[in-house]
Amino acid sequence: MSYFAPSLPDSPLVLITGGGGGLGREIATQFLDRGARVHVCDIDAARLAEFASAWDPSRLKHSCIDVADPKAMTRLEPELAAWGDPVAVLVNNVGIAGARACVEELSDADWLESLQANFMGAARCVRLVAGEMKRARAGLIVNISTVSVRTIPVSRAPYLVSKAALEALSMSLARELGPFGVRSNVVRPGGMDNERLRRVLREVAAAQGESFEEVLRKDLEFTSMRTLVSMRDVAAMVVYLAADTARHVTGQIVEVDGNVEWEG
C-alpha cells in the first residue's frame, strides 16, 4: 500500500529546491525512502553530484540551478520533462540569510537579494508546476519558512519579509488551487541542529568570550523544550504532508521548533 495520498501517484515526482545538502537533502532522502522519485536543484554542483552518486538515476536526478536567477530557471523545465511525468510535489526549500543590518542601512540590493532567492525563486517554481497540478487535479506544495516570522528577531528585515511573503503566497495557493485538488502548506523550522547553526553559535561564542555550550544554553532558554530540532524531524513533517493521513491538510502553517518563545 502506498504511503502517499490517494490523489498522488504511488511513486510521485518530487521537486526540491536547495536539495543538495542540509535540510533539502534530508527531505529528498526521506521521500526516496518512501518510494518517490526526486529531482533536486542546488547551486553547488559538487554537492549535487556527490548526493546523486548514492542513488539510482532512475530515482534521483539533479539540476545545478540558482532559482534566484530567472535566466537559469529556463533550463529547469526541459530537465524536469525528461522524467516523462509531471511534478506531483513541490518543496520550496531555498532560504538565504540575507543582509543583517538596521533598516536604514539596507540597500535596494540587500532587499532584492533575499526576495529573489527566498520568494521569487519559489514563485517561479510554482509557476512551473501549478498548471500541470491543476490539470491532474492533484498536487502538493510545501514552502519552508522559519519560526522567525513569528518571533521577529531584530536587524533581519529582508529575510523576514521574504519568508513572510512566501507564507502569504502559500495561503493564496491553498485557496486558489484547492478547488483543483492541489494543497499548499508552510513548514516553519526552529533552530535546527546543523553545521550552519553551530557555526553561527561558535562565532557568537568567540565574539563574547564564552564557550559554545554556554551560548547554546542561553539560546535554548527561550525554547520551551530546551532543545534544538533535528533536520530529520523537520523533513519528516514535510513528507507527512504528502501522506494519505494528511490528504485534507491545506492552508496550514506547521511549526517544528520545540516552541521557540523569543529571539534576540
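Report follows, based on the coordinates. (Residues numbered from 1 in each chain as written. Predicted model: local features only at pLDDT ≥ 70, side-chain atom pairs only at ≥ 80, totals over all residues. Heavy atoms only, no water.)

## Focus: the overall build of the chain
Our working rule: Put simply, DSSP marks the helices as runs of H or I at least four residues long and the strands as runs of E at least two long, and each gets a number from the N terminus on. Radius of gyration here is computed from C-alpha atoms only, and the compact-globule reference equals 2.2 Å multiplied by the residue count raised to the power 0.38. Relative accessibility under 20% of the residue-type maximum defines a buried residue, over 50% an exposed one, and the middle range a partly exposed one, all with a 1.4 Å probe and only protein chains included. Between two residues, a contact is recorded if the distance between any of their heavy atoms is within 4.5 Å. Only the protein chains shown count as covering a residue, and every accessible area follows the Shrake-Rupley method with a 1.4 Å probe. Counted as positive: Lys and Arg. Counted as negative: Asp and Glu. His and the chain ends are not counted at all. The atoms used to mark charge sites are NZ of Lys, CZ of Arg, CG of Asp and CD of Glu.
Scanning the chain for helices and strands turns up 10 helices and 7 strands. The C-alpha radius of gyration of the chain comes to 18 Å, within 12% of the 18 Å expected for a compact globule of 264 residues. Projected onto its principal axes, the C-alpha coordinates of the chain cover approximately 55 × 40 × 40 Å. Across the 264 residues that make up the chain, the buried fraction comes to 46%. The contacts in the chain between residues at least 6 apart in sequence include a share of 70% that link residues at least 24 apart. Total accessible area on the chain stands at roughly 12,400 Å², and carbon and sulfur atoms take up 54% of it. Taken as two groups, the 29 positive and 34 negative side-chain charges of the chain have centres that lie 5 Å from each other.

## Details of the nonpolar core
Our working definition: Each nonpolar core is a collection of buried residues, namely Ala, Val, Leu, Ile, Met, Phe, Trp, Tyr and Cys, held together in the definition by side-chain atoms within 4.5 Å.
With 33 residues, the main nonpolar core has Ile16, Ile27, Phe31, Val38 and Val91 as its most contacted residues. Contributions of two or more residues to this core are made by β1 (13–17), α1 (22–33), β2 (37–42), α2 (45–52), β4 (89–92), β5 (139–144) and α10 (231–240).

## Observations concerning the environment of Gly191
Position of Gly191 among the secondary structure elements: in the loop between β6 (182–189) and α8 (195–208). Expressed as a C-alpha distance, the spacing of Gly191 and Thr223, which sit 32 residues apart in the sequence, is 9.1 Å. Each residue touching Gly191, except ones within four places of it in the same chain, is listed here: Leu197, Leu228 and Val229.

## Thoughts on the sheet that holds β2
As a reminder of what qualifies: The pairing criterion for strands is at least two bridges between them, as found by DSSP. Inter-axis angles, ranging from 0 to 180 degrees, are taken between N-to-C directions of lines fitted to C-alpha atoms, where helices are fitted over the stretch in contact.
Strand order in the open sheet made by the 7 strands is β3-β2-β1-β4-β5-β6-β7, with parallel pairing throughout. Unpaired on one side and paired on the other, β3 (60–64) and β7 (253–256) mark the two borders of the sheet. Going across the sheet, the axis of each strand differs from the next one's by a mean of 20°, ignoring polarity. Note that β5 and β6 share 6 bridges and pair parallel. Opposite Gly139, over in β6, you have Val182 as the bridge partner. This element, helix α7 (residues 157–177), spans β5, β6 and β7 of the sheet and lies at about 155° to β6.

## Comments concerning the pairing of β6
In terms of burial, β6 is a largely internal element, 8 of the 8 residues being buried. Side chains of β6 alternate between two faces, with Val182, Ser184, Val186 and Arg188 and Arg183, Asn185, Val187 and Pro189 buried alike. Looking at chain direction, β6 and β7 are connected through 4 bridges and run parallel. What sits directly across from Val186, in β7, is Ile253.

Take it as geometry only, folks, not as evidence of what the structure does.
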